[in-house]
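# Structure assessment
Okay, here's what each chain looks like letter by letter:
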Amino acid sequence: EETGSSGGPSSSVVADWRLVFWTLCSVILPVLITLWCSFQRSRRQVLIRDIFRKSKHDWHYTDLFGQPSYCCVCAQHILQGAFCDCCGLRVSEGCLKKADQLFLCKEIMMRSNGGAHGSMPHHWIRGNVPLCSCCVMCKQQCGTQPKLCDYRCVWCQYTVHDECMMDCLKTEECTFGEFRDLIIPPYYLSTINQMRKDKRTNYEKVVPYCRKHWMPVIILANTRSGNNMGETLLGEFKILLNPVQVFDLSKIAPAKALQLCTLLPCNAVRVLVCGGDGTVGWVLDAIDEMKIKGQERYIPQVAILPLGTGNDLSNTLGWGAGYAGEVPVEQILRNVMEADGIKLDRWKVQVTNKGYYNLRKPKVFTMNNYFSIGPDALMALNFHAHREKTPSLFSSRIINKAVYFFYGTKDCLVQECKDLNKKVELELDGERIELPNLEGIIVLNIGYWGGGCRLWEGMGDEPYPLARHDDGLLEVVGVHGSFHCAQIQVKLANPVRLGQAHTVRLILKSSKMPMQVDGEPWAQGPCTVTITHKTHALMLYHSGEQTDDEVSSMSEQDHVREQTDEDV
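Residues numbered from 1 in each chain as written. Predicted model: local features only at pLDDT ≥ 70, side-chain atom pairs only at ≥ 80, totals over all residues. Heavy atoms only, no water.

Going by an unreviewed UniProt entry, the chain carries the name Diacylglycerol kinase and comes from Scopus umbretta. Taken directly from UniProt, the Sequence similarities (unreviewed entry) text for the chain runs: "Belongs to the eukaryotic diacylglycerol kinase family." (UniProt positions renumbered as here; feature names shortened; annotations may be inferred.)

### A few points about the pairing of strand 23 (residues 520-524)
Across five bridges, the pairing between strand 22 (residues 513-517) and strand 23 is antiparallel. Among the inter-strand pairings, Q516 is bridged to a residue of strand 23, identified as P521. Taking the residues that link successive antiparallel strands as the turn, the strand 22-strand 23 hairpin has two residues, and the phi of D518 there is positive, at about 55°. (Pairing = 2+ DSSP bridges. Helix = DSSP H or I, 4+ residues; strand = E, 2+ residues; numbered from the N terminus.)

### A look at the sheet that holds strand 23
With respect to topology, six strands assemble into an open sheet ordered 20-19-18-15-22-23, the strand pairing being antiparallel. In this open sheet, the two strands that pair with only one neighbour each are strand 20 (496-501) and strand 23. Ignoring strand direction, the axes of neighbouring strands in this sheet form an average angle of 15°. Here strand 15 (residues 370-373) pairs with strand 18 (residues 440-444) via four bridges, running antiparallel. (Axes fitted to C-alpha atoms, helices over the stretch in contact; angles between N-to-C directions.)

### Observations concerning helix 7 (residues 277-292)
The terminal C-alpha atoms of helix 7, which comprises 16 residues, lie 23 Å apart, in line with the 22 Å expected from a rise of 1.5 Å per residue. The set of residues buried in helix 7 consists of D277, T279, V280, G281, V283, L284, A286, I287, D288 and M290. Two residues or fewer after helix 7 comes G294, characterised by a positive phi angle close to 85°. (Expected span 1.5 Å × (residues − 1). Buried < 20%, exposed > 50% of the residue type's maximum accessible area, 1.4 Å probe, protein only.)

### Thoughts on the side chain of D312
Inspection of the secondary structure assignment puts D312 in helix 8 (residues 312-316). Exposure remark for D312: the relative accessible area of 1% places this residue in the buried category. Engagement of the side chain of D312 in a polar contact is seen with the side chain of Y370, the distance being 2.7 Å. Of note is the side chain of D312, whose polar atom sits 3.1 Å from the backbone nitrogen of G452. D312 has contacts with D277, N369, Y370, I446, Y448, W449, G450, G451 and G452, leaving out every residue within four places of it along the chain. (Polar contact = N/O pair within 3.5 Å; in protein donor to acceptor, adjacent residues only side chain to side chain. Contact = heavy atoms within 4.5 Å.)

### As for the packing of aromatic side chains
Within this structure, the stated rule accounts for six aromatic pairs. For the ring pair F21 and W22, a centre distance of 5.2 Å and an interplane angle of 75° mean the geometry is edge-to-face. Given the relative accessible area of 46%, F21 is considered partly exposed. Here W22 falls in the exposed class, since its relative accessible area comes to 57%. Relative to W522, the ring of F365 has its centre 4.7 Å away and its plane inclined at 20°; by these criteria the two rings are stacked. Placement of the pair is F365 in strand 14 (residues 363-367) and W522 in strand 23, with a sequence separation of 157 residues. A residue is classified by how much of its surface remains accessible, and F365, at 24% relative accessible area, is partly exposed. The class for W522 is buried, based on a relative accessible area of 12%. Following the ring pairs from residue to residue traces out a cluster consisting of W155, F176 and Y187. (Phe/Tyr/Trp six-rings, centres within 6.5 Å; stacked < 30°, edge-to-face > 60°.)

### Observations concerning the state of the cysteines
All chains considered together, the criterion is met by zero disulfides. Not part of a disulfide, C84 finds its nearest cysteine sulfur in C87, a span of 3.6 Å. The buried category is assigned to C84, whose relative accessible area is 2%. For the unlinked cysteine C132, the closest cysteine sulfur is that of C134, found at 8.1 Å. Given a relative accessible area of 66%, C132 falls into the exposed group. (Disulfide = S-S within 2.5 Å.)

### Regarding the nonpolar core
Here is a general trend for soluble globular proteins: nonpolar side chains tend to be buried in one another's company. Counting residues in each nonpolar core, the largest one holds 97 residues, and the members touching the most others are L220, F237, L241, L258, L272 and M539. The element that contributes the greatest number of residues to this core is helix 7, accounting for six residues. Ranked by size, the runner-up nonpolar core spans 31 residues in total, among them L420, L426, I441 and A501. (Core = buried A, V, L, I, M, F, W, Y, C linked by side-chain atoms within 4.5 Å.)

### Considerations on the sheet that holds strand 5 (residues 90-91)
Sheet architecture is open: three strands sit in the order 1-4-5, paired in antiparallel fashion. Each edge of the sheet is formed by a strand with only one pairing partner; in this case those strands are strand 1 (59-62) and strand 5. As paired elements, strand 1 and strand 4 (residues 81-84) share four bridges and run antiparallel to each other. Of the residues in strand 4, the one forming a bridge with Y61 is A82.

### Here we look at the packing of helix 5 (residues 230-240) against helix 9 (residues 329-338)
Relative to each other, helix 5 and helix 9 sit at 70°, their axes nearing to 10 Å. Classified by the angle their axes make, helix 5 and helix 9 are roughly perpendicular. The element helix 5 and its partner helix 9 pack so that their crossing is right-handed. Of helix 9, the residues touching helix 5 (which contributes L233, E236, F237 and L240) are V329, E330, I332 and L333. In terms of residue class, the contact of helix 5 with helix 9 is built from six nonpolar, no polar and two charged. (Parallel < 35°, antiparallel > 145°, perpendicular 65-115°, else oblique. Left-handed = near helix turned anticlockwise from the far one by under 90°. Nonpolar A, V, L, I, M, F, W, Y, C, P; charged D, E, K, R; others polar.)

### Digging into the side chain of S69
Residue position: S69 is located in strand 2 (residues 69-70). Among the polar contacts listed, one links the side chain of S69 to the side chain of R90, at a separation of 2.6 Å. The contacts of S69, once residues within four sequence positions are left out, are Q76, H77, I78, R90 and N128.

### What about the environment of M367?
Here M367 shows up in strand 14. For M367, a relative accessible area of 0% corresponds to the buried category. Residues M367 and V517, spaced 150 residues apart in sequence, show a C-alpha to C-alpha distance of 6.2 Å. Residues within four places of M367 in sequence aside, it is in contact with D345, R346, W347, V349, V443, N445, L474, V517, D518 and I531.

Here is the structure:
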């Protein structure tokens, strides 16, 4: 009994220690495993970043490929891994270092025996060919088998089956495919580089072989615009073109990127700006700087891929009201090739503050789209202030428009800009205009305003002079408030047309009012605003993107003119 009684407490203590031990193990072991895994993950990420930094490939890591993919080294099916934005290679994480050693990326510069008039062979990459691509030899579909198969040339984008690949194709001259007239060949840049070393500058005499209508394109993409599609577009354009032609405006300024134009033939370069109207204005300002530097003969023509919120300039020039990936990048490049050159008026907006003791210089802006004072400027000012506080919320075009709608509805109730006609004086070409009861005045250079509304035409049921963006004339309209703006946008009302003019002068006599130039708003005290013609910009017009509203408004305008002619 004594033995049993003495053994009881000791066994219970051992049991308690066992319980404590296993409890600690169950708590500490997962923590240790988690710490070990995070350490390995961070170590792996450091190694991957080191490979990315040293590599000639433009590697990016993804947790999930958008289509069935196979590693170019081990040929295994992969869900995640790295891909090159320039040549399209896809590899698993474990094969990344080996792929970097085995495969060459696109060469942006390459020596050729014939110089700029020379040629280069195909650069074939095996596997992961684009869906619905056809073999250049047998014309049958490629990439249909669930394995690493078939080849693609990274320059001309031709694809060929494994069994159709012959020795002649491996040494055959690459023609650069459908977009040969847009691509800057690597051997061209090598030749220009040698000419610069020899201090020769007659680049216009150097034209790549078989390029009768060579119009090299430069891509300028703002990855921070609108719906955040810029990053994806950069990769797709690098695949189709020479990567040296593609620039990320969040990393390099337009003025620096456009210096590539000076290495290309005069009056031949086309620029595609991927961004909103603000990004387009930024690029056009950089082009004006080229004129000041004496580089006028290298001025490019500008096309637009609309990624912003409003995109009124893009809409006016036929490039659409917004891009969300519905059109393939190949079709966008075709549109750029087929677009017609036109001129766009650019205007100088000078804001001079009132006051005898005001020693500050006048504020000077460049206007492409419109200037306004009143409710639409107030909406833009409120939106801008909200976006400055929480920029992460404004990454979607739909959210941006919803916020605009909220502030427009609020202004309908509050009417912060009422009795504007008592606070301002308006002069058109030096002639004073008597203003009716208004809340806002809008000075237009282009056809569209407010995210797709043809403001000058209104309902289209009244005769009105033709509005153009290249005639040196501005259209000036008034609005009765936010609700009136909404009615005009759905074609239930007409604006108050105040006239057309070459010069507009607006005097704010008292109080502080919201103003904006091309979506850049501010609150302004008593001042004088003078708008005069500054220069022309060379733009590209895409005639295949007319909206139903544009077609109907043009037909209505023609009908009104016919009636007017009959009356006369």
